[in-house]
Amino acid sequence: MSGQAKQGQGMKIRLVWKDACSGAVRKPVLTPPVAIGADFEQLPEKLGQRSVSRIAIADDTLKPFHAILMEEKGQLIAITPKDPSQSMADVLRSPAGVANAIQKQSLNNGDRFQLGQTPMTVQVSAVAQATAAPVETEPAETEPSETEPSDASPAPSSATPEIPLPPQPSSDEFSTRPTKLLDPDLDEDDDMITANDAPEADPNPANAFSVKQTKLLDPRLDALPELADASPGKDAAVGDRAGAAGAGAAVAGAAGAEDNRVMAGSMAKSKTPKAFPRDEAGAAGAPSERSSEKAEENAKTGCDRQVGFLFKRRCGRLTPTGCPYCRQNNSHDYDPYEADYFYYEHYGDYTVGHWGSDYYAERDRYYYNRDAGRMDFTEADAASFEEEFDNDYEMDMGAS
Amino acid sequence: MAIDLKSLKKNQSYSAIAPVSELLDDLNELAVMDKDAEHQLKHYGTLRLGLIVGAIVVAFLASLFLFYVGLIALVGLLGAVIWVSIQRAKYVGLDLPDERYQFAQEITNLLARDMTPEQLVQLDVGFRSALAAENKTNSQPHPKRSGWTLDSYQHDWFKVQGGFADGTRFSLALMEMFQHASGYKRSASGKRKYKSKTKSKGTTLDLQLFCPRKRYGALDVLRNDAEKAVQMLPGVRLKRCRVTPKGLAITLLLPPDATASMVRDSLIKLLLSAYQVLNLAQQLSQKSKPPKKSKKRKRNGGRIGA
């Protein structure tokens, strides 16, 4: 096994983004390569022989298969098509060769980039990269079994497509900015969702993934030992579609991971990102620079916080004046309507055992034809029709 | 927005189409007016009572001692009583049932959570008694008591219409139902007395949502199961739950002893129930890719159960 394989095994990345619909902040820990797009089913399960972590984001501006994040020589690389009209699936099938059709951008820890309309922050496990070399010297201990769909089994050099690295081009669509963590949430100890903790942690399907109280995957916080178990082969798909407006992102594990996306938590429990900088009373430990940056950002684009009672939407306020969410020292956990969600048990929860779970589980099969203004025939309908075909109507006395 | 006092006094109702902020201002103004009216009524009532007592005392004294002086004082006091009564009558129409505008304030605030500030809302709040003549819907002989009549009243004193930020139009109406039985009753001594009895038959809470099809196009898929999503307080019955491709309508029947807080809680449950359905419909609608052909369909040559 090559050294690169070991590096790939060691590198963990954490992508942090905010679901545009539900407002929930997603923070899955993943092992590269990571395929990102709008359609989960069009994301590849494998690249060569390497298992791929898949992330589907509900963003109309994203292509079904938009980009790949992969590790190359210990460096995290983002790969997107050169031609904005193409998706990565087209590029990988391109007869002219992959190398000329893609652009690469290196990503460092804390970089913020944007896919479609979804801004993301990547946190790279620097500790993992540093420990990659010692792992390389002990192949016997890290050799995975061939049957396990772990990303560590094949060497990425042989498994991934041969993609020479051109100089980093600039792209309007996919721009990286080596910035600080712009979201103040990221600096706080926060709930971290590790997808593969779910089955062991809580058998209750309503809580299908566990929420571990750990530090962020940040070199400054030395949190890697607690996060290192996020292997893509075991990753369960996680879709925290919190509640009413919960159009969400489905974060899936690598190949073989069952598409058992569940929505966890109720609307009342969903966290909303902080909008306006805290005032002095609430600014415990928050750097003033960041607050002023956020204030400037809000002044231009309006508040990013997800607000609303029945359905969540972007706040968009330019000032916190009169905002019911900004009263309690601008705490990002504060939801003025939280108490009212208790009137409806499991509001926004469509997991197994709750109302709508059957529809929710099959939601990918429904197709609303906006042009025709009706629900179109789907695979699910086909299955039900075929069941009818199989019936022997002569034996069915109730049939007309 | 200025409140038309004449109309309010005459019709005993408040009706306006305005943004929520203006409606809330109006309702606050109504509350202030009501408190002022209550204060003035109490003040003039006490004054009138004092004048009447004074007039009686003066009349008594005048009959004993100074007849003419007492008569003049009595006329003056009676004039003062009339003036005070006129002044008091000015505020009678402004003494509104507190629970009505307070309920309207609460519900408007509740609905405003998901509305844009500039969204126009039509609000109608009635302050008349439920047993007003215009609310009578039916009158029939009492089935059990001969000579008695049984009148039915329906009083829809609260109605609000508007739109949420997601493009959904809503219409919410509250209707109280009463039965009023009246007639003459003969006592054991043979006297005939007019008796009446009013009985509440419950309150209906009717919510209608007209949804944008682009966002909630799959609503029709949930037609058969939407009813199960409705959660209610104990004692509340689901009267109607109808789902169409364009929206849904849910009607709850609250028990006769429902308090204002129970109505409010039921309404919150009702809204959350409706949006539990709509949010799932949105989930099902948001996928805009064409359906994939299933393997089974290929095996059957693409036949679709015709």
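Below or above, wherever it landed, is the structure these notes cover.

## Topic: the overall build of chain B
1) Next: Along the backbone of chain B there are seven helices and eight strands.
2) Next: Residues counted as buried form 44% of the 306 residues belonging to chain B.
3) Next: Intrachain contacts of chain B at a sequence separation of at least 6 include 67% that bridge at least 24 residues.
4) Next: Carbon and sulfur atoms form 56% of the exposed surface of chain B, whose accessible area is close to 16,200 Å².

## Quick word on a positive patch on the surface
1) Next: Positive charge collects at one region of the surface, where Lys144, Arg145, Lys185, Lys191, Lys193, Lys195, Lys197, Lys199 and Lys201 of chain B lie side by side.
2) Next: The element that contributes the greatest number of residues to the positive patch is strand 6 (residues 192-210) of chain B, accounting for five residues.

## Focus on the nonpolar core
Residues and elements named next belong to chain B.
1) Next: Residues Phe158, Phe164 and Leu209 are the most contacted members of the largest nonpolar core, which totals 83 residues.
2) Next: By residue number, the principal contributor to this core is helix 6 (residues 260-285), which donates 14 residues.
3) Next: Ignoring sequence-local partners within four residues, the contact set of Leu209 consists of Phe164, Thr168, Arg169, Phe170, Lys246, Gly247, Leu248, Ala274, Tyr275 and Leu278.

## Some words on the environment of Lys199 of chain B
1) Next: Relative to the helices and strands, Lys199 of chain B resides in strand 6.
2) Next: Once the C-alpha coordinates of Lys199 of chain B and Ser152 of chain B are considered, the two residues, 47 residues apart in sequence, prove to be 9.7 Å apart.

## Considerations on the packing of helix 2 (residues 20-64) of chain B against helix 4 (residues 98-112) of chain B
If you want to describe how two helices pack, look at the angle between their axes and the distance between the axes.
All names here are of chain B.
1) Next: Put simply, helix 2 and helix 4 touch, their axes get as near as 10 Å, and they point 160 degrees apart. The pairing of helix 2 with helix 4 is recorded here as roughly antiparallel in orientation. In the packing of helix 2 onto helix 4, the handedness of the crossing is left-handed. Where helix 2 abuts helix 4, its residues Val20, Leu24, Leu27, Asn28, Ala31, Asp34, Lys35 and Glu38 lie against Asp98, Tyr101, Ala104, Gln105, Thr108, Asn109 and Ala112.

The rules behind each value
- Residues numbered from 1 in each chain as written.
- Chains lettered and ligands numbered in written order.
- Predicted model: local features only at pLDDT ≥ 70, side-chain atom pairs only at ≥ 80, totals over all residues.
- Heavy atoms only, no water.
- Helix = DSSP H or I, 4+ residues; strand = E, 2+ residues; numbered from the N terminus.
- Buried < 20%, exposed > 50% of the residue type's maximum accessible area, 1.4 Å probe, protein only.
- Contact = heavy atoms within 4.5 Å.
- Areas by Shrake-Rupley, 256 points an atom, 1.4 Å probe, with all protein chains shown as cover.
- Patch = residues over 30% accessible without salt bridge, like charges linked within 9 Å, V, L, I, M, F, W, Y side chains within 5 Å.
- Salt bridge = Lys/Arg side-chain N within 4 Å of Asp/Glu carboxyl O.
- Lys, Arg positive; Asp, Glu negative; His and termini not counted.
- Charge placed at Lys NZ, Arg CZ, Asp CG, Glu CD.
- Core = buried A, V, L, I, M, F, W, Y, C linked by side-chain atoms within 4.5 Å.
- Axes fitted to C-alpha atoms, helices over the stretch in contact; angles between N-to-C directions.
- Parallel < 35°, antiparallel > 145°, perpendicular 65-115°, else oblique.
- Left-handed = near helix turned anticlockwise from the far one by under 90°.

By themselves, these observations are geometric and do not establish any function.
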